[in-house]
Amino acid sequence: MLYNQISIDGYAACGKSTLARELAKRLKYLYIDSGAMYRAMSYYIIQNNIDLNDDRLADLLNSVNIRFQHDKEDPSSALILLNEEDVTLQIRLNEINEIVSQVAAIPMIRRKLVKLQQAYGKTNNVVMDGRDIGTVVFPKAVVKLFVTANQEIRIQRRMEENKSKELPYDYDFIKTNLAERDKIDSTRKDGPLKQAEDAILFDNSHLSRKEQLAMVLALCNCRIIH
Ligand code: DC
């Protein structure tokens, strides 16, 4: 059986996850937030005081098991488990935001997580968001989007999101962190953030959630193989 993969890549805080989750819900596809996997890995590294330059990094990370536990009724909703511990809330903390791009730039970590991401797409219809989904993880995705939005709008959206989750939402911290992450993500050697040649550039700065979902659903309905 052939499964459909939909990739949604783009800059930090562009609304990729919101779009991907809502799309998965409507299509009844599995939603995979690949960024959450890099965040869970970062959480493990912090918790275990692991030095990213340690020669034994491969051994130290060997025992890390990251997986999603999807809601049986709703495949767009999932918890993320790190060695079977639910870390869904912890991975959104600022201490994770500060190191996650450095962690995600390590080739060995990317190889491990890309494999897990590809495995989800082999046995499920998936909507996956991230940075390298259309270029590396699913180069044959049936729909590929590269999402972008105006910088001020992205900062405001991240502030609103953090407020709603009762997380710190300092304007300057968010502005600097988003800019730094985008720079590291776009300039790393392995799986950099870039638009796949056949991806559709989608600027959602002036679209509501409802409008962007309707546009992307229309596109998916034209492309998806049933
Ligand atoms: O989507 P996010 O902000 O939760 O992602 C967190 C970090 O993980 C982001 O700064 C870059 C990295 N990431 C990546 O390198 N590749 C992916 N496919 C997804 C995320």
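## A word on the layout of surface pockets
Line of reasoning, step 1. In this structure, the largest pocket encloses a volume near 1,200 Å³.
Line of reasoning, step 2. When its residues are assigned to classes, the lining of the largest pocket shows 17 nonpolar, 14 polar and 18 charged.
Line of reasoning, step 3. Taken as a whole, the second largest pocket spans an internal volume of roughly 330 Å³.

## What to know about the site of the ligand
Line of reasoning, step 1. If you check the shell around the ligand, you find 16 residues, and the closest are Arg-39, Arg-110, Asp-132, Arg-181 and Arg-188.
Line of reasoning, step 2. In this structure, Ser-101 approaches the ligand through a side-chain N or O atom, which is 3.0 Å from an oxygen atom.
Line of reasoning, step 3. At 2.8 Å, a side-chain N or O of Asp-132 approaches a nitrogen atom of the ligand.
Line of reasoning, step 4. For the ligand, whose free accessible area comes to 440 Å², the fraction covered by protein is 97%.
Line of reasoning, step 5. A majority-of-atoms criterion places the ligand in the largest pocket.
Line of reasoning, step 6. Counting residues per element, the ones that place at least two in the shell around the ligand are helix H2 (34–47), helix H4 (94–104) and helix H8 (171–187).
Line of reasoning, step 7. Broken down by element, the shell around the ligand gets its largest block of residues, four residues, from H2.

## A look at the sheet that holds strand S5 (residues 85–86)
Line of reasoning, step 1. Reading across the sheet, the three strands line up as S3-S4-S5 and stay open at both edges, with antiparallel pairing between neighbours. This sheet does not close on itself; its edge strands, each paired only once, are strand S3 (66–70) and S5.
Line of reasoning, step 2. Pairing of S3 with strand S4 (residues 78–82) involves five bridges; the strand directions are antiparallel. Note on S4: the bridge partner recorded for Phe-68 is Ile-80.

## A few points about the packing of aromatic side chains
Line of reasoning, step 1. According to the stated counting rule, one finds two aromatic pairs in the structure shown.
Line of reasoning, step 2. Pairing Tyr-11 with Phe-146 gives two aromatic rings, centres 5.7 Å apart and planes at 80 degrees, and the pair type is edge-to-face. Taken together, the residues Tyr-11 in the loop between strand S1 (5–10) and helix H1 (16–27) and Phe-146 in strand S7 (residues 143–148) connect sequence positions 135 residues apart.
Line of reasoning, step 3. A residue is classified by how much of its surface remains accessible, and Phe-146, at 5% relative accessible area, is buried.
Line of reasoning, step 4. Ring centres 5.9 Å apart and planes at 65 degrees place the aromatic pair Phe-68 and Tyr-120 in the edge-to-face group. With a gap of 52 residues between them, Phe-68 in strand S3 and Tyr-120 in helix H5 (residues 107–123) connect regions that are remote in the sequence. Residue Phe-68 shares its accessibility class with Tyr-120, and that shared class is buried.

## Notes on H8
Line of reasoning, step 1. For H8, which comprises 17 residues, the first-to-last C-alpha distance of 24 Å matches the rise-based estimate of 24 Å (1.5 Å per residue) to within 8%.
Line of reasoning, step 2. Within the span of H8, buried status applies to Ile-174, Asn-177, Leu-178, Arg-181, Asp-182 and Asp-185. Seen end-on, H8 carries its buried residues on one side only, within an arc spanning 130 degrees. Within H8, the exposed residues directed more than 90 degrees away from the buried face are Lys-183 and Thr-187.
Line of reasoning, step 3. Looking at the buried residues of H8, the elements they touch are H2, H4 and helix H7 (151–164).

## Comments concerning the pattern of salt bridges
Line of reasoning, step 1. Under the counting rule described, the total for this entry stands at 13 salt bridges.
Line of reasoning, step 2. Between Asp-185 and Arg-131 there is a salt bridge whose closest N-O contact spans 3.4 Å. Here Asp-185 is found in helix H8, whereas its partner Arg-131 is found in the loop between strand S6 (126–130) and helix H6 (133–137), with 54 residues between them in sequence.
Line of reasoning, step 3. Arg-131 gets classed as buried once you look at its relative accessible area, which sits at 15%.

Basis of the calculations
Residues numbered from 1 in each chain as written. Predicted model: local features only at pLDDT ≥ 70, side-chain atom pairs only at ≥ 80, totals over all residues. Heavy atoms only, no water. 1 Å grid on protein atoms, 1.4 Å probe; cavity = no way out; pocket = protein on both sides within 12 Å on 5 of 7 lines; lining within 4 Å. Points joined across faces, edges and corners; volume = space filled by probe spheres on them. Nonpolar A, V, L, I, M, F, W, Y, C, P; charged D, E, K, R; others polar. Near = heavy atom within 4 Å. Polar contact = N/O pair within 3.5 Å; in protein donor to acceptor, adjacent residues only side chain to side chain. Areas by Shrake-Rupley, 256 points an atom, 1.4 Å probe, with all protein chains shown as cover. Sits in = over half its atoms within 2 Å of the grid points. Helix = DSSP H or I, 4+ residues; strand = E, 2+ residues; numbered from the N terminus. Pairing = 2+ DSSP bridges. Phe/Tyr/Trp six-rings, centres within 6.5 Å; stacked < 30°, edge-to-face > 60°. Buried < 20%, exposed > 50% of the residue type's maximum accessible area, 1.4 Å probe, protein only. Expected span 1.5 Å × (residues − 1). Arc of directions from axis to C-beta. Contact = heavy atoms within 4.5 Å. Salt bridge = Lys/Arg side-chain N within 4 Å of Asp/Glu carboxyl O.

Any functional reading would require information that these geometric values do not contain.
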